[in-house]
Amino acid sequence: QQQVKQSPQSLIVQKGGISIINCAYENTAFDYFPWYQQFPGKGPALLIAIRPDVSEKKEGRFTISFNKSAKQFSLHIMDSQPGDSATYFCAARGQGAQKLVFGQGTRLTINP
Amino acid sequence: DTAVSQTPKYLVTQMGNDKSIKCEQNLGHDTMYWYKQDSKKFLKIMFSYNNKELIINETVPNRFSPKSPDKAHLNLHINSLELGDSAVYFCASSQSGGSNGYTFGSGTRLTVV
């Protein structure tokens, strides 16, 4: 049972472009939606997170858009740079739950 | 200072052996986790401990046994290793269920031959 579905599996963007990764969830009890960035040989690192009471959160070049009625959220990376090349994971946590459920991951490549 | 450290980083072993992975966090977090990342990069929770108490035990074979001697340490012991156990195992920690995110270790790549 995949509770968080992420797309695309892989994405290639030119330097300076906008990278967009999408996630959809089914469980309306989820109350916390983080994005993680993982470089090869490293553990996932928290990038940015949002709660369902806001529709957008921006931190530098990274923005989360959240659509509660559609049960979807997305990560936008503006002015994408080669250093952004990594695997990105969306995740969700249920209210009162003690675990994060992850999406399948998106391998992002930024071409110089 | 490494916030969540795992040892060893690499582990190559034969089928049928028993091995352990150790994890320590110096963040003062009260909850620790083991996640398994398979060859397709999918991250799946295995176990979670809160203040040394087991709170999550997903459908993991009972050959896997976690142990938390104190809230800063969480170890994973695996008996009778199988080829399918080959994966990267990540330890993570959080405060109060993770509402401010998890901090992951750098992983242990386990290869069973």
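See the structure shown above.
Summarised in this report is the structure supplied together with it.

**Brief notes about the state of the cysteines**
All names here are of chain B.
Argument step 1. Counted according to the given criterion, the structure contains two disulfides over all chains.
Argument step 2. Each disulfide pairs two cysteine sulfurs, and for C23 the partner residue is C91, the sulfurs being separated by 1.9 Å. Residues C23 and C91 share a disulfide whose torsion about the S-S bond is about -80°; that sign makes it left-handed. Remark: C91 occurs in strand β9 (residues 87-94) and C23 occurs in strand β3 (residues 19-25); sequence separation between them is 68 residues. Side by side, C23 and C91 carry an identical accessibility label, which is buried.

**Observations concerning the sheet that holds β3 of chain B**
Residue and element names in this part refer to chain B.
Argument step 1. Spatially, the four strands line up as an open sheet ordered β1-β3-β8-β7, and their pairing is antiparallel. Across the chains shown, the open sheet's two edge strands, defined by having one partner strand only, are β1 (4-7) and β7 (64-70). Pairs of neighbouring strands in the sheet enclose a mean axial angle of 15°, with direction left out of account.
Argument step 2. Both β1 and β3 contribute to a ladder of four bridges, which runs antiparallel. For S5, the partnering residue across the bridge sits in β3 and is E24.

**What to know about a positive patch on the surface**
Argument step 1. A contiguous patch of positive charge on the surface is contributed by K42 and R107 of chain A together with K9, K41 and R109 of chain B.
Argument step 2. Positionally, K42 of chain A belongs in the loop between β4 (30-38) and β5 (45-50).

**Comments concerning the nonpolar core**
Argument step 1. Counting residues in each nonpolar core, the largest one holds 25 residues, and the members touching the most others are F33, W35, F73, L75 and Y88 of chain A.
Argument step 2. Contributions of two or more residues to this core are made by β2 (10-14), β3 (19-25), β4, β5, β7 (62-67), β8 (72-77), β9 (86-94) and β11 (106-111) of chain A.
Argument step 3. Top element by residues in this core is β9 of chain A. It accounts for four residues.
Argument step 4. Counting 20 residues, the second-largest nonpolar core is a separate cluster that includes I21, M32, Y49 and L110 of chain B.

**Regarding the pattern of salt bridges**
Residue and element names in this part refer to chain A.
Argument step 1. What the rule picks out here adds up to seven salt bridges over all chains.
Argument step 2. With a shortest N-O distance of 3.6 Å, E59 and K57 are connected by a salt bridge.
Argument step 3. With a relative accessible area of 31%, K57 lands in the partly exposed category.
Argument step 4. Between D84 and R61 there is a salt bridge; the shortest N-O distance is 2.8 Å. Of the two residues, D84 sits in the loop between β8 and β9 while R61 sits in the loop between β6 (56-59) and β7, which places them 23 residues apart along the sequence.
Argument step 5. Note on D84: relative accessible area 5%, which makes it buried.

**Some points on the pairing of β2 of chain A**
All names here are of chain A.
Argument step 1. Only one face of β2 is covered, namely the face carrying L11 and V13; the face carrying S10, I12 and Q14 is uncovered.
Argument step 2. Bridge analysis of β2 against β11 gives five bridges, and the strand direction is parallel. Bridge pairing links S10 to R107 in β11.

About the criteria used
- Residues numbered from 1 in each chain as written.
- Chains lettered and ligands numbered in written order.
- Predicted model: local features only at pLDDT ≥ 70, side-chain atom pairs only at ≥ 80, totals over all residues.
- Heavy atoms only, no water.
- Disulfide = S-S within 2.5 Å.
- Helix = DSSP H or I, 4+ residues; strand = E, 2+ residues; numbered from the N terminus.
- Buried < 20%, exposed > 50% of the residue type's maximum accessible area, 1.4 Å probe, protein only.
- Pairing = 2+ DSSP bridges.
- Axes fitted to C-alpha atoms, helices over the stretch in contact; angles between N-to-C directions.
- Patch = residues over 30% accessible without salt bridge, like charges linked within 9 Å, V, L, I, M, F, W, Y side chains within 5 Å.
- Areas by Shrake-Rupley, 256 points an atom, 1.4 Å probe, with all protein chains shown as cover.
- Salt bridge = Lys/Arg side-chain N within 4 Å of Asp/Glu carboxyl O.
- Lys, Arg positive; Asp, Glu negative; His and termini not counted.
- Charge placed at Lys NZ, Arg CZ, Asp CG, Glu CD.
- Core = buried A, V, L, I, M, F, W, Y, C linked by side-chain atoms within 4.5 Å.

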